[in-house]
Amino acid sequence: MKPRADGSIPPHQPNCFGCGPENAAGLGLNMHVDRSRVRADLVLDHRHEGAPGFAHGGVVASALDDLFGGVLVMLGRAAVTANLSVDYRAPALLGHRLRLTGWCARSDGRKLHLQGELHDAETLVAEARALFISVDGDHFQRSGATMPEEWNRWLAPVEAELPPSKPDI
Ligand SMILES: CCCCCCCC/C=C\CCCCCCCC(=O)SCCNC(=O)CCNC(=O)[C@H](O)C(C)(C)COP(=O)(O)OP(=O)(O)OC[C@H]1O[C@@H](n2cnc3c(N)ncnc32)[C@H](O)[C@@H]1OP(=O)(O)O
């Protein structure tokens, strides 16, 4: 799996909670590569509500986690979340167009240190840091579900260091 020629990132799989178009309960993220970052817009609604008018914090964390899954596609590295930390800086307001940005700050063997932000216009809503660990195809066999065909090419373990993809703005 890799970004398309126009920079858009295909869904991880059709039913992915973050980006799968067939998941009625999903967030429907459409991610794209922008230089060395991954971006996506997100509008949350009453299904995602925590406090009245505010998005639930777990939904915000899920969006950032799946965004990091888009960074993996940009990097060409199959990995899973080992640790995810979110600093909530301002409420995420329902009905607002929110912007997600994610990048790889550093890699160290199987460890990928990813960072991301959620903005509402100029307001920083949340910041996230995550540790992803590279895995091979055996990791995903444990569910017994059929794997997407295109994952097979993507799941070869990669040990090479990756260049950081920190935003250059
Ligand atoms: C994506 C598209 C297409 C293709 C392919 C798939 C790729 C992407 C995947 C899916 C796509 C869809 C979604 C994407 C976006 C959302 C991502 C998610 O939601 S992922 C689901 C939630 N995460 C889990 O379910 C992991 C559960 N945990 C595990 O399976 C294991 O703990 C795992 C694989 C993370 C590590 O296990 P070990 O046995 O392989 O390796 P050990 O030796 O334990 O750790 C390796 C190194 O990492 C450190 N480490 C591990 N966990 C750590 C932690 N929590 N904090 C700090 N360090 C940790 C260890 O200390 C070790 O470091 P030292 O080598 O000794 O220096």
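Thresholds, definitions, all that
Residues numbered from 1 in each chain as written. Predicted model: local features only at pLDDT ≥ 70, side-chain atom pairs only at ≥ 80, totals over all residues. Helix = DSSP H or I, 4+ residues; strand = E, 2+ residues; numbered from the N terminus. Rg over C-alpha atoms; globule rule 2.2 N^0.38 Å. Buried ≥ 20, exposed ≤ 12 C-beta atoms within 10 Å, placed from the backbone. Contact = placed C-beta atoms within 7 Å. Near = placed C-beta within 6 Å. Nonpolar A, V, L, I, M, F, W, Y, C, P; charged D, E, K, R; others polar. Pairing = 2+ DSSP bridges. Core = buried A, V, L, I, M, F, W, Y, C linked by C-beta atoms within 7 Å. UniProt positions renumbered as here; feature names shortened; annotations may be inferred. Expected span 1.5 Å × (residues − 1). pLDDT = per-residue confidence, 0-100.

A.B. asks: I would appreciate a short explanation of the overall build of the protein in the present structure.
C.D. replies: Helices and strands together make up the secondary structure of the protein, namely three helices and seven strands. Along the protein, from the amino end to the carboxyl end, the secondary structure elements read β-β-β-α-β-β-β-β-α-α. Taken against the 2.2 N^0.38 rule, which gives 15 Å for 169 residues, the C-alpha radius of gyration of the protein at 15 Å falls within 12% of a compact globule. With the principal axes as the frame, the protein shows a C-alpha extent of 45 × 35 × 30 Å. Relative to its 169 residues, the protein shows a buried fraction of 31%. A separation threshold of at least 6 residues defines the contact pool for the protein, and within that pool the share at least 24 residues apart is 64%.

A.B. asks: Would you take a moment to explain the site of the ligand for this structure?
C.D. replies: Taken together, 22 residues lie around the ligand, and His12, Gly69, Val80, Ala82 and Ile133 are the ones closest in. By residue class, the composition of the shell around the ligand is 14 nonpolar, four polar and four charged.

A.B. asks: Sorry if this is basic, but what is going on with the sheet that holds strand β4 (residues 79-88) here?
C.D. replies: Either a parallel or an antiparallel arrangement is found when strands of a sheet pair, and the pairing is made through backbone hydrogen bonds. Pairing within the open sheet is antiparallel, and its seven strands lie in the order β1-β2-β3-β5-β6-β7-β4. In the strand order of this sheet, the two ends are held by β1 (8-9) and β4, each with one partner. Both strand β3 (residues 37-43) and strand β5 (residues 97-108) contribute to a ladder of six bridges, which runs antiparallel. Counted as the bridge partner of Asp41 is Arg99 from β5.

A.B. asks: Where do I start with the environment of Ala121 in this structure?
C.D. replies: The residue Ala121 is located in the loop between β6 (111-120) and β7 (123-134) in this model. Sequence separation of Ala121 and Arg99 is 22 residues, and the distance between their C-alpha atoms is 7.7 Å.

A.B. asks: Help me out: how do you make sense of the nonpolar core in this one?
C.D. replies: General note: in soluble globular proteins, nonpolar side chains tend to be found buried as a group. Ranked by internal contacts, the top residues of the largest apolar core, which has 36 residues, are Leu64, Leu67 and Val71. Contributing elements (two or more residues each) for this core: β2 (31-34), β3, α1 (57-75), β5, β6 and β7. For this core, the leading source of residues is α1, giving 10 residues. Every residue in contact with Val71, bar those within four places of it in the chain, is listed here: Val38, Gly102, Trp103, Cys104 and Leu114.

A.B. asks: Looking at this structure, how should I read unusual backbone geometry?
C.D. replies: Trans peptide bonds make up the majority, and among non-glycine residues the majority have a negative phi. Its identity as a non-glycine residue notwithstanding, Arg35 has a phi of 55°, on the positive side. Along the chain, Arg35 falls in the loop between β2 and β3. Not every positive phi belongs to a glycine, and Ala121 is a case in point at roughly 55°.

A.B. asks: Help me understand the UniProt feature "domain: Thioesterase" (unreviewed entry) in the protein in this model?
C.D. replies: Following the UniProt record, one finds the feature "domain: Thioesterase" (unreviewed entry) at residues 53-124. In residues 53-124, helix accounts for 26% and strand for 47%; the two terminal C-alpha atoms are 18 Å from one another.

A.B. asks: Which parts of the structure should I look at to understand α1?
C.D. replies: Side chains that are three or four residues apart share a direction in an α-helix, a result of its 3.6 residues per turn. Along its 19 residues, α1 runs 27 Å from first to last C-alpha, staying within 8% of the 27 Å computed at 1.5 Å per residue. Across the 19 residues of α1, 14 count as buried, placing the element largely inside the fold.

A.B. asks: Just to check I follow, could you spell out the confidence of the model for the protein for this structure?
C.D. replies: Regions with low pLDDT carry predicted coordinates that are not meant to be interpreted in detail. With 91% of its residues at a pLDDT of 70 or more, the protein has an overall mean of 92. Reported confidence for the predicted complex is 0.93 by ipTM and 0.92 by pTM.

A.B. asks: Just to check I follow, could you spell out the pairing of β4 for this structure?
C.D. replies: The side chains of a regular strand alternate, first on one face of the sheet and then on the other. When you tally the buried positions in β4, you get one out of 10 residues, a small fraction of the element. With nine bridges connecting them, β4 and β7 associate as antiparallel partners. Residue Thr81 lies in a different strand from β7, and its bridge partner there is Phe132.

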